[in-house]
Amino acid sequence: MKNTVVLGTQWGDEGKGKLVDLLSENYEAVVRFQGGNNAGHTIVIGENTYKLRLIPSGIFHQKTCILGNGVVIDPKVLLEEFDILQKAGVGIEKLYISERAQVIMPYHKVWEGIEENHRGKNKIGTTLKGIGPCYSDKISRNGVRICDICDKDQLRKRLEIVFPLKQKTIEAHGEMSPTLDEICEQYTKYGELLKKHVTSTSLLLEEYIASKKPILFEGAQGVFLDIDHGIYPFVTSSNTCAGAASLGSGVPPSSLHNIVGVVKAYTTRVGGGPFPTELEDEIGERLGTVGQEFGTVTGRKRRCGWLDTVLLKCTHRINGLTSIALTKLDVLSGIEEIKICTKYHYKDQVIDHFPNSLSIIEELEPVYKTLPGWTEDITMCKNFDDLPDNCKAYIKEIELLLDVSVDIISVGPERSQTIFK
Ligand code: GDP
Ligand code: IMO
Ligand code: MG
């Protein structure tokens, strides 16, 4: 068994949570390596639906679950998640948190609100969870780490250095942050509650690698939200690509073997920014309604459009996908003709790679290949051969265009609604 990274290939919400829950049965450890509670991963087990924002989706199989050093942690949200799981009878004894993970502080959320307001009509449409300001502080070396909140004196020392400037900046914009004393008291309490889960997770993972116990890495967001490779500035503040699994959990790049790209059978996006294949018509509405496309974290309506293989080729180039898990294929049932974007027109040019300049991206006109749809309900299909011919043809076309095999097909939110090809 090899170590595997599960990655969102588009703009997030591809169904990573479902996939990770399903696959984790065959792994010993499941690791989140970036992002924070901007993620919302939905897992449907029988009648029950769980929405996880921080804890890896492997928790339901009672695997070792790790929040790596690359994750940003809002302790309050994490503790709320502990409660939800404990009430559902799901043990969290095997959950470990990296000492090095950065902590989302109250002033991060306040500052993000100020920044988004200041951007006005150009706002990014962030989740307002403090993700961007927390990563900014990490990079500018003003962050607070999990190991700091687990040590009362160290936390105070740290805050005495970084907090006064935060406070002045926030107050200069007419907003308020809790005081240093209030933060110290609250975050020391969080530290006490989390302490028993905190460890050097890189060392722990070294043991798993040495004893060949397979590890599953759970990506959050999607490649087109990556801070380097997404459509800047309409991105999140972390690297969402496969390479981040190594840095964000402290394992060597050579220990990442399989890269599974989760591809939604159409495209969705929450928040602002360009979306070349967006459908602002009744098909877009239909995808949103049938696919229940509402943000897990913010409840916002997700924008919907056709599958875009120019975008996916870029994803493949950066991440070297070893296979694809195609999700939400059932949502396309009943659409007469299904379109796949294969290239773009920009002015009088044909573009078959994803451009870098925002002004070009904003003016791209997608060029589509049209395939016949299918009318059958596929949510009960268990084998590839049970699928209607036009549905199989759609999958084959994706494989041909991307030169990656589709090995897993998801035809509904529940664990059992999955076809392994
Ligand atoms: P994630 O962030 O990538 O984990 O995805 P989300 O959980 O935010 O969004 C995916 C949504 O689609 C969730 O509500 C899932 O329960 C649901 N889902 C996952 N796979 C399928 C599928 O194959 N068909 C349908 N209809 N829903 C699915
Ligand atoms: P999962 O893991 C979809 C989007 C936000 C916004 C942009 C920046 O569930 O797929 P941020 O709060 O991260 O600074 O917001 O990124 N975004 C997501 N969109 N799924 C997610 O996570 C997302 N996490 C962030 O909507 O456009
Ligand atoms: Mg999600």
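Remember, predicted model here, so these are calculated numbers, not experimental data.

Colleague: What is the right way to read the site of ligand 2 from this model?
Modeller: In the vicinity of ligand 2, 20 residues are found, and the nearest of them are Asp-13, Lys-16, His-41, Thr-127 and Thr-236. One nitrogen or oxygen atom from the side chain of His-41 is found 2.7 Å from an oxygen atom belonging to ligand 2. A distance of 3.0 Å is found between an oxygen atom of ligand 2 and a side-chain nitrogen or oxygen belonging to Arg-300. A class-by-class count of the residues in the shell around ligand 2 yields 7 nonpolar, 10 polar and 3 charged.

Colleague: Would you mind showing me how to read the environment of Thr-342 here?
Modeller: Along the chain, the position of Thr-342 falls in strand 16 (residues 337-346). On the basis of relative accessibility, which here comes to 17%, the residue Thr-342 falls in the buried class. A sequence separation of 27 residues divides Thr-342 from Lys-369, and the C-alpha atoms of the two residues are 6.7 Å apart. Contact partners of Thr-342, with chain neighbours within four places excluded, come to Thr-309, Val-310, Val-367, Lys-369 and Leu-401.

Colleague: Please clarify how the sheet that holds strand 9 (residues 198-199) should be interpreted in this entry.
Modeller: Backbone hydrogen bonds are what pair the strands of a sheet, in a parallel or an antiparallel way. Pairing in this open sheet of 10 strands is mixed, and the strands run 9-7-5-2-10-1-11-15-19-20 from one edge to the other. Sheet topology places strand 9 and strand 20 (418-420) at the edges, where each strand pairs with a single neighbour. The pairing of strand 2 (residues 29-32) with strand 5 (residues 64-67) spans 4 bridges and is classified as parallel. Looking across to strand 5, one finds that Arg-32 is bridged to Leu-67.

Colleague: Looking at this structure, I do not really get the nonpolar core. What am I missing?
Modeller: In globular proteins that are soluble, nonpolar side chains generally tend to be buried together. Grouped together as the largest cluster of nonpolar side chains are 68 residues, with contacts concentrated most on Leu-329, Leu-332, Leu-387 and Tyr-394. Here this core gathers at least three residues from each of two domains, domain 1 (4-98 + 198-259) and domain 3 (263-420). If you look at the next biggest cluster of nonpolar residues, it comprises 52 residues, including Met-105, Ile-114, Leu-180 and Cys-184.

Colleague: Sorry if this is basic, but what is going on with the site of ligand 1 here?
Modeller: With respect to spatial proximity, 19 residues lie near ligand 1, and among them Lys-16, Gly-17, Thr-42, Asp-330 and Ser-410 are the closest. One of the side-chain N or O atoms of Thr-42 is found 2.6 Å from an oxygen atom in ligand 1. Notes on ligand 1: free accessible area 580 Å², of which the protein chains cover 92%. Of the pockets mapped on this structure, ligand 1 occupies the second largest pocket. Those elements that provide at least two residues to the shell around ligand 1 are helix 1 (16-23) and strand 3 (41-45). For the shell around ligand 1, the per-class residue count stands at 4 nonpolar, 8 polar and 7 charged. Looking at which domains feed residues into the shell around ligand 1, each of domain 1 (4-98 + 198-259) and domain 3 (263-420) gives three or more.

Colleague: Help me out: how do you make sense of unusual backbone geometry in this one?
Modeller: Most peptide bonds are trans, and most residues other than glycine sit at a negative phi. In the segment running from Tyr-232 into Pro-233, the intervening peptide bond is cis, with an omega of 5 degrees. Mapped onto the elements of the fold, Pro-233 is located in the loop between strand 10 (215-218) and helix 9 (243-247). Backbone geometry places Lys-328, a non-glycine residue, at a positive phi of 60 degrees. Position of Lys-328 relative to the elements: it lies in the loop between strand 15 (323-327) and strand 16.

Colleague: What's the story with the pairing of strand 19 (residues 406-410) in this structure? I'm lost.
Modeller: Each regular strand carries side chains that alternate between the two faces of the sheet. Extensive coverage of strand 19 is indicated by the burial of 4 of its 5 residues. Of the strand pairs in this sheet, strand 15 and strand 19 are connected by 3 bridges, and their pairing is parallel. Bridge pairing in strand 19 links Leu-326 to Ile-409. Note: strand 19 against strand 20, 3 bridges, orientation antiparallel. Each bridged residue has a counterpart across the sheet, and for Ile-409 the counterpart in strand 20 is Ile-419.

Colleague: Whenever I open this one, the coordination of the magnesium ion (ligand 3) confuses me. Can you help?
Modeller: Coordination of the magnesium ion (ligand 3) by the protein comes from Asp-13 (OD) and Gly-40 (O), over a distance range of 2.0 to 2.2 Å. Of this pair, Asp-13 sits in the loop between strand 1 (4-8) and helix 1 while Gly-40 is found in the loop between strand 2 and strand 3, placing the two residues 27 residues apart along the sequence.

Colleague: Could you clarify how one ought to interpret the packing of helix 2 (residues 75-87) against helix 7 (residues 180-194) in this entry?
Modeller: When two helices pack together, their arrangement is given by the angle between the helix axes and by the axis-to-axis distance. Across the interface, helix 2 lies against helix 7 with an axial gap of 10 Å and an inter-helix angle of 40 degrees. Between helix 2 and helix 7, the interaxial angle falls into the category oblique. Crossing angle aside, the handedness with which helix 2 passes helix 7 is left-handed. Seen from helix 2, the contacting residues are Pro-75, Lys-76, Leu-78, Leu-79 and Phe-82; seen from helix 7, they are Tyr-187, Tyr-190, Leu-193 and Leu-194. Its residues assigned to classes, the contact of helix 2 with helix 7 comprises 8 nonpolar, no polar and 1 charged.

Reading the values: rules and limits
- Residues numbered from 1 in each chain as written.
- Chains lettered and ligands numbered in written order.
- Predicted model: local features only at pLDDT ≥ 70, side-chain atom pairs only at ≥ 80, totals over all residues.
- Heavy atoms only, no water.
- Near = heavy atom within 4 Å.
- Polar contact = N/O pair within 3.5 Å; in protein donor to acceptor, adjacent residues only side chain to side chain.
- Nonpolar A, V, L, I, M, F, W, Y, C, P; charged D, E, K, R; others polar.
- Helix = DSSP H or I, 4+ residues; strand = E, 2+ residues; numbered from the N terminus.
- Buried < 20%, exposed > 50% of the residue type's maximum accessible area, 1.4 Å probe, protein only.
- Contact = heavy atoms within 4.5 Å.
- Pairing = 2+ DSSP bridges.
- Core = buried A, V, L, I, M, F, W, Y, C linked by side-chain atoms within 4.5 Å.
- Domains from an automatic or database assignment.
- Areas by Shrake-Rupley, 256 points an atom, 1.4 Å probe, with all protein chains shown as cover.
- 1 Å grid on protein atoms, 1.4 Å probe; cavity = no way out; pocket = protein on both sides within 12 Å on 5 of 7 lines; lining within 4 Å.
- Sits in = over half its atoms within 2 Å of the grid points.
- Donors = N, O, S within 2.8 Å, 3.2 Å for Na, K, Ca; no water.
- Axes fitted to C-alpha atoms, helices over the stretch in contact; angles between N-to-C directions.
- Parallel < 35°, antiparallel > 145°, perpendicular 65-115°, else oblique.
- Left-handed = near helix turned anticlockwise from the far one by under 90°.

So yeah, pure geometry; function would need other evidence.
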